[in-house]
Amino acid sequence: MQYATRMPGIPARPAFRKWVNAALTRDAEIVLRIVDEAEGRKLNRDFRGRDYATNVLTFVYADAQPEIQPGTRPAVDDAPPLTGDIVLCAPVIENEATQQHKNLPAHYAHLTVHGVLHLQGHDHENDADAAVMEQLEIEILGRLGYQNPYDQHQTATGSQ
């Protein structure tokens, strides 16, 4: 866990650990880094060619990752630990939560789960894969006590 910014409202380590563990289907070695807008923009530009800060970036160390078929979950038997970095951009997450009327910790939980699912090979490059990933996010967040993050009728005070 790396806090590279001191913005208010960033959850504590135990919350992130709970969210990561809820989304994992096997052992993993993950660096979770919370960054400011400048670092988020630089990483997104350098690694994805997009010159803006985004809410979450997942860097998967491919040499230890099994390939999974779209719409399936990875096998867990005898698999090496997943390895990767998940970067959350605090100012982007805060702005999104405000604009979308979402509870800030709930939005952090959603984006942490989202990043962990990417680490495990899930993506949203096409409609079918996006539907699978969104359903997993909804299920995991529901088990954690959070509302459906895709429900447009949330309120910042009504979410957990």
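The coordinates are above.
In what follows, the accompanying structure is described. Note that the structure is predicted; figures quoted are calculated from it, not measured.

Here we look at the nonpolar core
Then comes step 1: Counting 30 residues, the largest nonpolar core has F16, W19, I34, L88, Y108 and Y146 as its most contacted members.
Then comes step 2: Elements that contribute at least two residues to this core include exactly helix 1 (13-23), strand 2 (28-35), strand 4 (82-89), helix 3 (90-99), helix 4 (104-119) and helix 5 (127-143).
Then comes step 3: The biggest single contributor to this core is helix 4, with 9 residues.
Then comes step 4: Leaving out residues up to four positions away in the same chain, W19 has contacts with P11, P105, Y108, A109, T112, V113, L144 and Y146.
Then comes step 5: Formed by 7 residues, the second largest nonpolar core is a distinct cluster that contains V35, A53, L57 and V92.

Points about helix 2 (residues 37-48)
Each turn of an α-helix holds 3.6 residues, which means side chains three or four residues apart point in the same direction.
Then comes step 1: Counted at 1.5 Å a residue, the expected span for helix 2 with its 12 residues is 16 Å, and the 16 Å between its end C-alpha atoms agrees.
Then comes step 2: Those residues of helix 2 not exposed but buried are G40, L43 and N44. All buried residues of helix 2 fall inside an arc of 95 degrees around its axis, so they share one side.
Then comes step 3: Check the buried side of helix 2 and you find it contacts strand 2, strand 3 (56-60) and strand 4.

Some details on the packing of helix 1 against helix 4
Between two packed helices, both the angle of their axes relative to each other and the distance between the axes serve to describe the pair.
Then comes step 1: Relative to each other, helix 1 and helix 4 sit at 40 degrees, their axes nearing to 9 Å. Comparing their axes, helix 4 and helix 1 come out oblique. Considering the relative orientation of helix 1 and helix 4, their crossing is right-handed. Taken together, the residues of helix 4 that come into contact with helix 1 (itself represented by F16, W19, V20 and A23) are P105, Y108, A109, T112, V113, V116 and L117.
Then comes step 2: The residue makeup of the contact of helix 1 with helix 4, split by class, is 10 nonpolar, 1 polar and no charged.

Some remarks on the side chain of N55
Then comes step 1: Note on placement: N55 falls in the loop between helix 2 and strand 3.
Then comes step 2: A relative accessible area of 16% means that N55 is categorised as buried.
Then comes step 3: Here E96 takes part through its side chain, which lies 3.1 Å from a polar atom of the side chain of N55.
Then comes step 4: Every residue in contact with N55, bar those within four places of it in the chain, is listed here: V87, L88, C89, V92, I93, E96 and L111.

Considerations on the sheet that holds strand 4
Then comes step 1: As summarised here, the arrangement of the 4 strands in space is 1-2-4-3, forming an open sheet in which the pairing is mixed. The open sheet has two free edges, formed respectively by strand 1 (2-3) and strand 3, since each of these has just one partner strand.
Then comes step 2: Here strand 3 runs beside strand 4; their pairing, made up of 5 bridges, is antiparallel. For F59, the partnering residue across the bridge sits in strand 4 and is D85.
Then comes step 3: Of the strands in this sheet, strand 1, strand 2 and strand 4 are in contact with helix 1, which crosses strand 2 at around 135 degrees.
Then comes step 4: Packed onto the sheet, helix 4 meets strand 2, strand 3 and strand 4 and runs at close to 25 degrees relative to strand 3.

Thresholds applied
- Residues numbered from 1 in each chain as written.
- Predicted model: local features only at pLDDT ≥ 70, side-chain atom pairs only at ≥ 80, totals over all residues.
- Heavy atoms only, no water.
- Core = buried A, V, L, I, M, F, W, Y, C linked by side-chain atoms within 4.5 Å.
- Buried < 20%, exposed > 50% of the residue type's maximum accessible area, 1.4 Å probe, protein only.
- Helix = DSSP H or I, 4+ residues; strand = E, 2+ residues; numbered from the N terminus.
- Contact = heavy atoms within 4.5 Å.
- Expected span 1.5 Å × (residues − 1).
- Arc of directions from axis to C-beta.
- Axes fitted to C-alpha atoms, helices over the stretch in contact; angles between N-to-C directions.
- Parallel < 35°, antiparallel > 145°, perpendicular 65-115°, else oblique.
- Left-handed = near helix turned anticlockwise from the far one by under 90°.
- Nonpolar A, V, L, I, M, F, W, Y, C, P; charged D, E, K, R; others polar.
- Polar contact = N/O pair within 3.5 Å; in protein donor to acceptor, adjacent residues only side chain to side chain.
- Pairing = 2+ DSSP bridges.

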